[in-house]
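Letter by letter, the chains look like this.
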Amino acid sequence: MFSPRLRQIFTVFVLLQILDALTTLVGLRYGANESSIFVAQLLRFGPVTGLMICKGFALCLATTAIAFGRERLVRFVNFWFAGVVGWNVLIILRISASLS
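Residues numbered from 1 in each chain as written. Predicted model: local features only at pLDDT ≥ 70, side-chain atom pairs only at ≥ 80, totals over all residues. Heavy atoms only, no water.

Peer 1: Just checking my understanding: could you explain the overall build of the protein for this structure?
Peer 2: Along its length, the protein carries 4 helices and 0 strands. Along the protein, helices and strands appear, N-terminal first, in the series α-α-α-α. Seen along its three principal axes, the alpha-carbon backbone of the protein occupies a region of about 50 × 25 × 15 Å. Residues classed as buried in the protein amount to 33% of the 100 residues present. Accessible surface, the protein: about 7,000 Å² in total, of which carbon and sulfur atoms supply 70%. (Helix = DSSP H or I, 4+ residues; strand = E, 2+ residues; numbered from the N terminus. Buried < 20%, exposed > 50% of the residue type's maximum accessible area, 1.4 Å probe, protein only. Areas by Shrake-Rupley, 256 points an atom, 1.4 Å probe, with all protein chains shown as cover.)

Structure representation (structure tokens):
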């Protein structure tokens, strides 16, 4: 089973993926564009469906990385997605301020 440290890394990963999906959906709703070419292509299936496919793929990759002892990679990705979520929030705030 996972050690407490691995469980923490994986939990943070899952929570960041949820926050990324939610902030992306809000941003799209306000009129923002997706900057990732891969995700933008998946959004052609619909925003929720595309993001669920993307996040499912990310979850599989993170699980595989941890299974092969590459938890440092998942930790690095966590920092990356913390930045992505922060960027999404800034975009949402910028767009919402321009609507006021």
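There's more to say after this.
Peer 1: Just to check I follow, could you spell out helix 4 (residues 71-99) for this structure?
Peer 2: Turn by turn, an α-helix covers 3.6 residues, leaving residues three or four places apart pointing in a common direction. When the terminal C-alpha atoms of helix 4 are compared, their 42 Å separation across 29 residues agrees well with the 42 Å that a helix rising 1.5 Å per residue should span. Residues of helix 4 that are buried: Glu71, Val74, Asn78, Phe81, Val85, Asn88, Ile91, Ile92 and Ile95. In this structure, the buried side of helix 4 is in contact with helix 1 (4-30) and helix 3 (47-67). (Expected span 1.5 Å × (residues − 1). Contact = heavy atoms within 4.5 Å.)

Peer 1: Hey, could you run me through the packing of aromatic side chains in this one?
Peer 2: To describe a pair of aromatic rings, you give the distance between the ring centres and the angle between the ring planes. On inspection of all chains with the given rule, the structure shows 2 aromatic pairs. An angle of 25° between the planes, with centres 6.4 Å apart, marks the rings of Phe10 and Phe13 as stacked. Note that Phe10 and Phe13 are positioned in helix 1 at a spacing of 3 residues, about one turn of the helix. Note on Phe13: relative accessible area 4%, which makes it buried. Ring centres of Phe38 and Phe57 lie 6.1 Å apart, and the angle between their planes is 50°; this geometry places the pair in the tilted category. (Phe/Tyr/Trp six-rings, centres within 6.5 Å; stacked < 30°, edge-to-face > 60°.)

Peer 1: Help me understand the packing of helix 1 against helix 3, please; the structure alone is not making it clear to me.
Peer 2: How two helices sit against one another is set out by the angle between their axes and by the gap between those axes. Between helix 1 and helix 3, whose axes approach to 11 Å, the crossing angle comes to 165°. When the axes of helix 1 and helix 3 are compared, the pair comes out roughly antiparallel. Crossing of helix 1 over helix 3 shows right-handed handedness. Residues Leu6, Phe10, Phe13, Val14, Gln17, Asp20, Ala21, Thr24, Leu25 and Leu28 of helix 1 pack against Pro47, Val48, Leu51, Lys55, Ala58, Leu59, Ala62, Thr63 and Ile66 of helix 3. (Axes fitted to C-alpha atoms, helices over the stretch in contact; angles between N-to-C directions. Parallel < 35°, antiparallel > 145°, perpendicular 65-115°, else oblique. Left-handed = near helix turned anticlockwise from the far one by under 90°.)

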